[in-house]
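# Descriptive structure summary
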Amino acid sequence: FCRARAECTQCFQFLTRGHDSREKMDSFVTQDSSHLFCPSGCSTSFASVKWECSAIIDDGSGQAKLYAEREAALLLLGNGLLVNDIETGAMESPSGILFQA
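Just so we're clear, the structure is a prediction, and the values are computed from it rather than from any experiment.

## Comments concerning the environment of Asp-59
Here Asp-59 shows up in the loop between β5 (47-58) and β6 (63-69). Accessibility expressed as a relative area gives 59% for Asp-59, which makes it exposed. Of the polar contacts made by the side chain of Asp-59, one reaches the side chain of Ser-61; its length is 2.8 Å. Reaching out from Asp-59, the side chain makes a polar contact with the backbone nitrogen of Gly-62 at a distance of 3.2 Å.

Shown next, in the form of structure tokens:
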């Protein structure tokens with residue numbers, strides 16, 4: 001699997017959908033007017049997209065589990081990926097973007 005999901009780089013919590021009771025908290029406003037915020041109350045200046053990849057590699061002689069995150073995950077995914085489009089989607093959805101590569 002591969003996933004791109006918005007998180008706070010200060011406390012490392014995933015951003016969640018805003019609620020009326022949290023309107024006063026700093027929130028990331030997207031084009032569709034949804035609000036993502038840090039559940040710990042951190043500033044949205046710490047919002048970033050976290051990339052994760054996980055796979056099982058089998059070469060016929062054995063298996064290995066592979067896990068990579070952040071820049072290492074992007075390197076494993078290679079060229080041709082619409083990174084900006086996926087990151088925009090990840091910043092608009094609290095569950096992020098999950099896909100098979």
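## A few points about the pairing of β5
Here 7 bridges tie strand β1 (residues 2-8) to β5, and the two strands are oriented antiparallel to one another. Pairing of Arg-3 across the sheet is with Glu-52, part of β5. Here β5 pairs with β6 via 7 bridges, running antiparallel. When the bridges of β6 are listed, Asp-58 appears paired with Gln-63. Linkage of β5 to β6, two consecutive antiparallel strands, is achieved through a turn of 4 residues, within which Gly-60 is found at a positive phi near 95°.

## Describing the state of the cysteines
All told, the structure shown has 0 disulfides when counted by the stated rule. Distance from the sulfur of Cys-38, which forms no disulfide, to the nearest cysteine sulfur (Cys-11) is 3.4 Å. Residue Cys-42 stays outside any disulfide, its sulfur separated by 3.7 Å from that of Cys-8, the closest cysteine.

## Topic: the pattern of salt bridges
This model, assessed by the stated rule, comprises 4 salt bridges. Glu-69 is the partner of Lys-50 in a salt bridge, and the nearest nitrogen-oxygen pair spans 3.5 Å. In this pair, Lys-50 sits in strand β5 while Glu-69 sits in strand β6, placing the two residues 19 residues apart along the sequence. Judged by relative accessible area, Lys-50 falls into the buried class, the value being 12%.

## Brief notes about the sheet that holds β6
Strand order across the open sheet formed by 4 strands is β6-β5-β1-β7, with antiparallel pairing between neighbours. Two strands close off the open sheet at either side, each with one partner strand: β6 and β7 (97-99). Neighbouring strand axes in the sheet, compared pairwise and without regard to direction, differ in orientation by 20° on average. Strands β1, β5 and β7 of the sheet are contacted by helix α2 (residues 83-92), whose axis makes an angle of about 115° with β5.

Scoring rules and cut-offs
Residues numbered from 1 in each chain as written. Predicted model: local features only at pLDDT ≥ 70, side-chain atom pairs only at ≥ 80, totals over all residues. Heavy atoms only, no water. Helix = DSSP H or I, 4+ residues; strand = E, 2+ residues; numbered from the N terminus. Buried < 20%, exposed > 50% of the residue type's maximum accessible area, 1.4 Å probe, protein only. Polar contact = N/O pair within 3.5 Å; in protein donor to acceptor, adjacent residues only side chain to side chain. Pairing = 2+ DSSP bridges. Disulfide = S-S within 2.5 Å. Salt bridge = Lys/Arg side-chain N within 4 Å of Asp/Glu carboxyl O. Axes fitted to C-alpha atoms, helices over the stretch in contact; angles between N-to-C directions. Contact = heavy atoms within 4.5 Å.

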